[in-house]
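Observations on the three-dimensional arrangement
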Amino acid sequence: MMKINKNIHIMFITVELIVFLVPFCLGRVLTSTSSHAFGKKLFLENKAISATKRQIPPTLNIRNAPSEILEIMAGDNKFLECEVGGTPPPTIHWLKDGLKVSQSMYEADVMPSTLGLGFTRSRLFLDCVSPFDAGKYTCVAENEYKRASRTSQVLVEDNLEAENDAICLAKKSFGSPARIQMWTHTRLEIMGTDVQLFCRVSGEPQPRVVWRGPNKKLLVDPKKYQVMPSGDLVIKNIMWSDMGGYICEASNAEGSDEAMVFLYPTMPEGDGEA
């Protein structure tokens, strides 16, 4: 019999290994029906992730961001994507030439957490790109303790014919499809606590947001789940059975989008003996 190693440094290394493994099977859109089995395999192979309730030092790390210089053709539809890891779980917003870009209609506070290890992704969509869209775009990540940013210069080659330019303007004036702008990619939290999974959306008309659990069924039990006005999902009193892939679905009359979130409940202190 021996106790699981609770050294914080080893725990973070294990988290990094998990996050490198998860994207191979669990991309932005759920493509496999075996996420629960995959998570159980992670549990067996990564017992060192058993959580402690001691204070974990705040961290923030931009893992992926757009290139420093991006060249886009006028009329194209593109997006900029940023992924950030940290504790507490970070949020992401974007600046254009130093000014905040309005994306989601609703903002929401981030709930306090015991373990609070999370990876967040965000996309900034540039539809029917025009010279007006050229400029410096900054991915800004922050949590309660830290802030980090990464800037890209977007260059637009203006070769759009007048007729196509008019079509682009018409599309923008009639509405925009539902898009998920920021979502939790991976989240680790201690069993017995409540957890908040991000899913911030945009679109015109305002998109409808629903969540599905690891079994693909809609989450409708109000005692267990709460979908916030921002689109975020709160899961109450998480247990090992809550582990797996959750799907946030956003839709309106113009289109739909979905994102997959992987939740990994960890054992509280004192339950990590083998």
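Parameters and conventions
Residues numbered from 1 in each chain as written. Predicted model: local features only at pLDDT ≥ 70, side-chain atom pairs only at ≥ 80, totals over all residues. Heavy atoms only, no water. UniProt positions renumbered as here; feature names shortened; annotations may be inferred. Helix = DSSP H or I, 4+ residues; strand = E, 2+ residues; numbered from the N terminus. Buried < 20%, exposed > 50% of the residue type's maximum accessible area, 1.4 Å probe, protein only. Contact = heavy atoms within 4.5 Å. Areas by Shrake-Rupley, 256 points an atom, 1.4 Å probe, with all protein chains shown as cover. Disulfide = S-S within 2.5 Å. Pairing = 2+ DSSP bridges. Axes fitted to C-alpha atoms, helices over the stretch in contact; angles between N-to-C directions. Phe/Tyr/Trp six-rings, centres within 6.5 Å; stacked < 30°, edge-to-face > 60°. Lys NZ or Arg CZ within 6 Å of the ring centre and 35° of its normal. Core = buried A, V, L, I, M, F, W, Y, C linked by side-chain atoms within 4.5 Å. Polar contact = N/O pair within 3.5 Å; in protein donor to acceptor, adjacent residues only side chain to side chain.

As annotated in an unreviewed UniProt entry, the protein carries the name Ig-like domain-containing protein and is attributed to Oedothorax gibbosus. UniProt lists a comment for the protein under the heading Subcellular location (unreviewed entry), and it reads "Secreted".

**Brief notes about the overall build of the protein**
A tally of regular secondary structure across the protein gives 3 helices and 16 strands. The buried share of the protein, reckoned over its 274 residues, is 49%. In the protein, once contacts between residues fewer than 6 apart in sequence are set aside, the share between residues at least 24 apart is 74%. In the structure as shown, the protein presents an accessible area of about 13700 Å², 54% of it carried by carbon and sulfur atoms.

**Overview of the state of the cysteines**
Applying the stated criterion across every chain, the model contains 2 disulfides. Through a disulfide, Cys82 is tied to Cys139; the S-S separation comes to 2.1 Å. With the S-S dihedral at roughly -90°, the linkage between Cys82 and Cys139 falls on the left-handed side. Separated by 57 residues along the polypeptide, Cys82 in strand E3 (residues 78-87) and Cys139 in strand E7 (residues 135-142) bring together distant segments of the chain. Judged by relative accessible area, Cys82 falls into the buried class, the value being 0%.

**A closer look at the sheet that holds strand E13 (residues 225-227)**
Read across the sheet, 3 strands follow the order E10-E14-E13 without closing on themselves; strand pairing throughout is antiparallel. The strands lining the two open edges of the sheet, one partner per strand, are strand E10 (195-197) and E13. The sheet shows a mean angle of 20° between the axes of neighbouring strands, taken without regard to direction. One ladder, built from 3 bridges, connects E10 with strand E14 (residues 233-235); its direction is antiparallel. Of the residues in E14, the one forming a bridge with Gln196 is Val234.

**Description of the sheet that holds strand E4 (residues 91-96)**
One open sheet holds the 5 strands; their spatial order is E2-E8-E7-E4-E5, and the pairing between them is mixed. Edge positions in the sheet fall to strand E2 (69-73) and strand E5 (99-100), since each of these pairs with one other strand and no more. In terms of strand pairing, E7 meets strand E8 (residues 147-157) through 8 bridges, oriented antiparallel. Among the inter-strand pairings, Ala141 is bridged to a residue of E8, identified as Ala148.

**Observations regarding the environment of Val201**
Turning to its location among the elements, Val201 is positioned in strand E11 (residues 199-204). Between the C-alpha atom of Val201 and that of Glu258, which follows or precedes it by 57 residues, the distance is 9.9 Å.

**Considerations on the packing of aromatic side chains**
Working definition: an aromatic ring pair is given by the centre-to-centre distance plus the angle between the planes. Evaluation of the coordinates by the stated rule reveals 2 aromatic pairs. Lying across the ring of Phe132, Lys96 places its NZ or CZ 4.3 Å from the centre. Across the ring face of Phe125, the terminal group of Arg179 is positioned such that the distance to the ring centre comes to 4.4 Å.

**Comments concerning the nonpolar core**
By size, the foremost hydrophobic cluster in this structure holds 20 residues, and its most contacted members are Ile180, Leu197, Trp211, Leu233, Ile235 and Tyr246. Broken down by secondary-structure element, the contributors of at least two residues to this core are strand E9 (176-190), E10, E11, strand E12 (208-212), E14, strand E15 (244-252) and strand E16 (255-266). Listed in part, the 19 residues of the second largest apolar core include Leu80, Leu124, Tyr137 and Met182.

**What about the side chain of His185?**
Mapped onto the secondary structure, His185 falls in strand E9. For His185, the side chain forms a polar contact with the side chain of Thr186, separated by 3.0 Å.

**Some remarks on the pairing of E3**
Burial analysis of E3 places 7 of its 10 residues in the buried class, the great majority of the element. Across 9 bridges, E3 lies against strand E6 (residues 117-126) in antiparallel orientation. Counted as the bridge partner of Cys82 is Ser122 from E6.

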